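What the coordinates show
Residues per chain, in single letters:
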Amino acid sequence: MTAHDMPKAPVIAEVRDLRVQFDSKRGNVHAVDGVGFQIRDGEMLGLVGETGCGKSVTGRAFLNLIPRPPAKIAGGRVLFRPRGGAPCPDCAGEGCEACGRTGTETVDLLTLPPKPMRAIRGARIAMIFQDPGKALNPTLTIGAQLAEVFLQHRSEALLAEAGVSPEETGWQANALRRMAREEDRWLDRRLKGLPPLSSAAAKLDAALDAHVAAALAETQIPNPARVMRAYPHELSGGMRQRVMIAQALACDPDLIIADEPTTALDVTIQARILDLIKTLQRKRRTSVLYISHDLSLVRRVCDRVAVMYAGRIAEIGTVAQVFADPRHPYTQGLIAAVPRAGTGRGHLASIPGSVPELVDPPPGCRFADRCAHVMAECTRANPVAREVAPGHQSVCFLEKTGQTAAPATSEASTT
Amino acid sequence: MAMTDPILSESAAKVRLRRQGEVLRSLMTNPTTALGMIIIILLLGMAIFAPYLMPPNIPDPYQMPRDWGATRMPPGTPGHPLGTTNQGGDVLYGVVWGSRSSLQMSLIVVSVTVVIGVVIGSIAGIVGGWIDEALMRVVDIFLSIPELIFALAVAAILGPSFTNIILSLCIVFWVKYARIMRAQIILIRQSDYVQAARVMGDSRFNIFRRDILPNASTPIAVQATLDMGNIVLVGATLSFIGLSESGIAEWGVLVSEGQAGIASGRWWASTFPGLMIFLWALAFNLVGDGLRDALDPRTEGKR
Amino acid sequence: MMQQRLSEKSAQRKAGDTLLSVRNLCKHFPIREGILQSTVGHVRAVDGVSFDIRRGETVGLVGESGCGKTTLSQCVAGLTTPTSGEILFDTGRGGPLGQEDRIDAMPRDRYRTYRRNTQMVFQDNFASLNPRELVIDCIGRPLRVYNEASGSELTERVVELLEQVGLGRQHLYRYPHQFSGGQRQRISIARALALDPELIVLDEPTSALDVSVQAQILNLLWDLQKHRHLAYLFVTHDLSVVRHMADRTVTMYLGRVVEQGPTETIFGNAAHPYTKALLAAKPDLDDDPSVPIATLEGVVPDPARPPKGCRFHTRCPVATPDCGWEVDDIVRLLEADETLFQSLQGVARKTDLEAGLTFADETAAAALHAALGSDRVPLAMRTATETLDLNGKTVNIRFRETEEVSLTDRGEGHQAACVLGRGGQ
């Protein structure tokens, strides 16, 4: 990725040449193969592609949630610059190229030790999963699950609200600190209800409840007090997804990875959840990596979009650029395959063939055998990203030769 | 053209055979399963070729031979490589012929219990209603008592003999199959492929034969393999506490009769048969676990 | 042989004739509770649905989860026995469809005709194929059931079917797991085609597939329909797919049909607010991205006690006083407000429209009384209130009588169940 000359928001996260491989009986599956993109502060980047294109794996790399083994990181870096992190050593917080003009130190999420990773997870980077029914613990109430986030990342604020100052010492203050950090011992729990501790503990619980209720209320959940006491199965799918969003937003993260957050929901509920995510994202200037297979949805909610195919980025640009002027033949095919208001009835333009197997693939463009514009070099070498307009890149040999894949071909097959 | 077409020379039978080969191969690629398979093959070989390995005792080969001239001999004694028992029985003879007893016991019990369990489970799952309720309550009662204690009680009532041990094991071990079969029927009956078969108008019998039975057989086969080991373990325990005839070539009986000597340093009479019981149970458990993974058509071919 | 069979069939077939007719169909599932499994209520999954499917046409059935579209499609496919109402199928008896054509009252041979002429394709392409059956056995199975073919003839017929769905001879001896999702769905379609049916029920056939594969499958279904004069009942939640595939569209909400008509009319000029809300909620590649997505408030009410009148009135943005406001609407309001709900002691219901709600204390009763007169409830509901008085701990309320909301004609083959625009207003 080259730096653009347009004035841009700081780059808070960046994936560089990420390669993830899975061991299989038949060989190495190159699930993610040299993916790179940047996420700017406050933007919503859509990552679209079909099943198995590696979009979810890429998203999970941000939280180190790729199961290793069977997966292994064969290369690349996932860089992140949390707001309020240590100043960048190169420019002392001024903002330079090395830190993507954020002024904060860059951390590589793939090599981060477990402890600082835990501090980032949930607090600085949060994740919204596709199936809220599976992502919530069925044995805990909604309130208890949300409380956990605050206990993990907001214990100082909780203690302050409970009236425990940082200087205070003595066993009572220490016991409360342990409670606020979810490190309470057996004895603490026994003493919690007894006079010297009970009033402060009650304050702590009240502060916690207030935080949880506020987080739920922000996602427009009606009657947060009742939802807090409910178990996940007692809520509808849309409501569970709201709880997931409340959980993700609880600690005001810099980056949210949303992995198909509305796929399991009905259209009318999907519309409300999208509306909610968009509103909250604008309000808080959170960056969002929005992973989805639904092109029309990404077009509606995202600022920029990256199209993935078979473990690689095919095209990246602003939503307007990619949808108005798709350059990569795959993007063109994908857009043409979606039934829409304007297309007549009858045949849809479909991409012939199917997704290639990614077991030890040979060099060359992964789309070559399905592409209508395939040339000799397509199967010889890997295509590289070419800038077709400021901020709009297509990873295709057609761009080098100056030709443009004529989108007219998809219309030709429509009739 | 038809002659040269490789696909025409293909047949359903060949493909099924190849798939069985694949299952076997994937079993052998897992090292622990392969180890289990090797042990099982060796044990089965021992059972089958027992008359050639150790000349049978006349008249009843399942009775331990008595060499009163060489009692309590340690391992390594000429003619008795694993030593002899208090009664002068050759431990090696017991180990070899004991594998026959164990094989008989586990094969009889597994085949009888699988048939009983599948039939009862199928009746419960297919008929449903109060018959299902009644059968499943009986199953619950059976399952609430630990296998070993239940088998012990039954065997004690029937009286001490090897046949009665087999009988008691049959009474105890069918319940799991009934429960698995019923659960599978209820699960598979709701599946889309059964719905599809109903839409095409296929008969209930055909749906049972072609959809339910083949798909339910996987967990049954896994359980049966695990039980091949467990049955010998429980059977040996029953023999050990004296519910079998004394003096027969059976590992549990040998362990039982040899254990008195351990305190006086004669470890061999019970250690070798004990080791065999251990190997037998271990091997079938290893293979059963491997089978669970290998037989699942969804995991196979993927990943 | 195939050709001959086809031509025989097409001689009987007249495009535009009603092939299947659903009349006032209900399917209620009992809710059982307790040790004795006594029935405490019914989930009214399908509650009085009528529509026709004509030969050679595609009827799109849309609605959100829980609207009863899957239950309805299972009734049509003969997988579920309806609680009441009837399904009529034209088995070539001649004459207009009547009581003799009820699929549950047909003689055996004509039921067999229905059975083999109505096939189904499921959403989950993996679960709908027996994992232990080879493709040849799977697709050949319906032919075996009806003793149509065996041996090498069967093989050839299966190959023919495979080729029609874009697969080939090389796929005969494979297991379902060796195929991709799109290919498995093709196998399902080939199996459904084996008996050369007249109607295929497609239950979300492309929902589990990727966009490019979906396009392939939709094209295949389109071609097959053209070549074989098939009728489709296309059940889906995806409006853009329905718009693309369906000749006529039926919209369902909470077990009822709220609107039906030609697809262009439904998409261009929807009459029912629910259909409008569905259309507005679905982003399309052709719409203006700067216009915010329209959202629909509220939750779908419990199908065990659906709202009176128009079932959509609890969430309808344009509800009128005539939409069927009732006592249950107050109960739903109370359920959302915990403090009031907890102090509710009893509901003395005289009719669905009149009741007295007794609270533990007078303040709660007063609070409810105040809420019912304020903008916390929709204006339409307030207008529909005939009497509302506070008597100590009891709030008495009566709503006005309204007509039942049923489907009324809105134009050429277009019907909607909405108070607005009813009777040409």
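Residues numbered from 1 in each chain as written. Chains lettered and ligands numbered in written order. Predicted model: local features only at pLDDT ≥ 70, side-chain atom pairs only at ≥ 80, totals over all residues. Heavy atoms only, no water.

1. Description of the nonpolar core
Counting residues in each nonpolar core, the largest one holds 167 residues, and the members touching the most others are Leu216 and Tyr290 of chain A together with Ile189, Ile330, Phe359 and Leu368 of chain C. In contact with Ile189 of chain C, other than residues within four places in its own chain, are Val121, Val165, Ile217, Leu220, Leu221 and Leu224 of chain C. Membership of the second largest hydrophobic core comes to 81 residues, among which are Ile39, Tyr177, Leu226 and Ala283 of chain B. (Core = buried A, V, L, I, M, F, W, Y, C linked by side-chain atoms within 4.5 Å. Buried < 20%, exposed > 50% of the residue type's maximum accessible area, 1.4 Å probe, protein only. Contact = heavy atoms within 4.5 Å.)

2. A look at the domain arrangement of chain A
Residue and element names in this part refer to chain A. Each assigned domain of chain A is listed with its residue range as follows: domain 1 (7-124 + 253-415) and domain 2 (142-227). At the interface, nine residues of domain 1 touch four residues of domain 2. When the two sides are added together, the surface that domain 1 and domain 2 hide from each other amounts to roughly 550 Å², 49% of it contributed by carbon and sulfur. Summed over the shared surface of domain 1 and domain 2, the number is zero salt bridges. On inspection of domain 1 and its partner domain 2, the count reaches zero residue pairs in polar contact (both at pLDDT 80 or more). (Domains from an automatic or database assignment. Buried area = accessible area lost by both parts, 1.4 Å probe. Salt bridge = Lys/Arg side-chain N within 4 Å of Asp/Glu carboxyl O. Polar contact = N/O pair within 3.5 Å; in protein donor to acceptor, adjacent residues only side chain to side chain.)

3. Points about the packing of aromatic side chains
Scanning the entire structure with this criterion turns up 18 aromatic pairs over all chains. With a centroid separation of 5.9 Å and an interplanar angle of 70°, the aromatic rings of Trp251 of chain B and Trp280 of chain B are classed as edge-to-face. One end of the pair, Trp251 of chain B, is in helix H10 (residues 251-262); the other, Trp280 of chain B, is in helix H11 (residues 268-295), and 29 residues separate them in sequence. Neither residue differs from the other here; Trp251 of chain B and Trp280 of chain B are each classed as buried. Aromatic side chains Trp267 of chain B and Trp268 of chain B sit 6.0 Å apart centroid to centroid with 85° between the ring planes, which places their arrangement in the edge-to-face category. Taken together, the aromatic side chains of Tyr309, Tyr330 and Phe367 of chain A make up a single cluster linked through ring pairs. Seen from the ring of Tyr146 of chain C, Arg116 of chain C lies directly overhead, with NZ or CZ sitting 5.2 Å from the centre. Note that Lys226 of chain C overlies the ring of Trp222 of chain C, its terminal NZ or CZ placed 4.6 Å from the centroid. (Phe/Tyr/Trp six-rings, centres within 6.5 Å; stacked < 30°, edge-to-face > 60°. Helix = DSSP H or I, 4+ residues; strand = E, 2+ residues; numbered from the N terminus. Lys NZ or Arg CZ within 6 Å of the ring centre and 35° of its normal.)

4. With respect to the interface of chain C and chain A
In this complex, chain C contributes 44 residues to the contact, which on the side of chain A involves 43 residues. Together chain C and chain A conceal approximately 3900 Å² of surface at their shared face, both sides included; 51% is due to carbon and sulfur atoms. For the pair chain C and chain A, the interface holds three salt bridges. Residues Asp287 of chain C and Arg300 of chain A are paired through a salt bridge, measuring 2.7 Å at the closest nitrogen-oxygen approach. Applying the counting rule to chain C against chain A returns 15 residue pairs in polar contact (both at pLDDT 80 or more). Those elements giving two or more residues to the side of chain C that touches chain A turn out to be helix H7 (211-228), helix H8 (239-245), helix H10 (273-281) and helix H11 (327-336) of chain C.

5. Side note on a nonpolar patch on the surface
All names here are of chain B. Side chains of Ile141, Ile145, Leu148, Ile149, Leu152, Phe240 and Ile241 sit close together on the surface and give an oily, nonpolar patch of about 570 Å² of accessible area. Broken down by element, the nonpolar patch gets its largest block of residues, three residues, from helix H6 (residues 147-158). With respect to the helices, strands and loops of the structure, Leu152 is situated in helix H6. What makes Leu152 partly exposed here is its relative accessible area of 31%. (Patch = residues over 30% accessible without salt bridge, like charges linked within 9 Å, V, L, I, M, F, W, Y side chains within 5 Å. Areas by Shrake-Rupley, 256 points an atom, 1.4 Å probe, with all protein chains shown as cover.)

6. Structural notes on the sheet that holds strand S10 (residues 312-318) of chain A
Residues and elements named next belong to chain A. One open sheet accounts for eight strands, arranged S6-S7-S8-S3-S9-S10-S12-S11; its pairing is mixed. Looking at which strands have only one partner, the edges of the open sheet turn out to be strand S6 (125-128) and strand S11 (385-389). Direction aside, neighbouring strands of the sheet carry axes that sit 20° apart on average. By the bridge criterion, four bridges tie strand S3 (residues 44-48) to strand S9 (residues 304-309) in an arrangement that is parallel. Within S9, the residue paired with Leu45 across the bridge is Arg304. Taken strand by strand, helix H10 (residues 237-249) contacts S6 and strand S7 (255-259), and its axis lies near 175° from that of S6. Across the sheet, helix H14 (residues 329-337) lies against S9 and S10, angled at about 100° from S9, the strand it touches most. (Pairing = 2+ DSSP bridges. Axes fitted to C-alpha atoms, helices over the stretch in contact; angles between N-to-C directions.)

7. Re the pairing of strand S1 (residues 18-33) of chain C
Along any regular strand the residues' side chains alternate between the sheet's two faces. Residues and elements named next belong to chain C. Note that S1 and strand S2 (residues 38-54) share 13 bridges and pair antiparallel. Bridge pairing in S2 places Cys26 opposite Asp47. Sheet topology note: the S1/strand S4 (residues 84-89) ladder contains five bridges and is antiparallel. Bridge pairing in S4 links Cys26 to Ser84.

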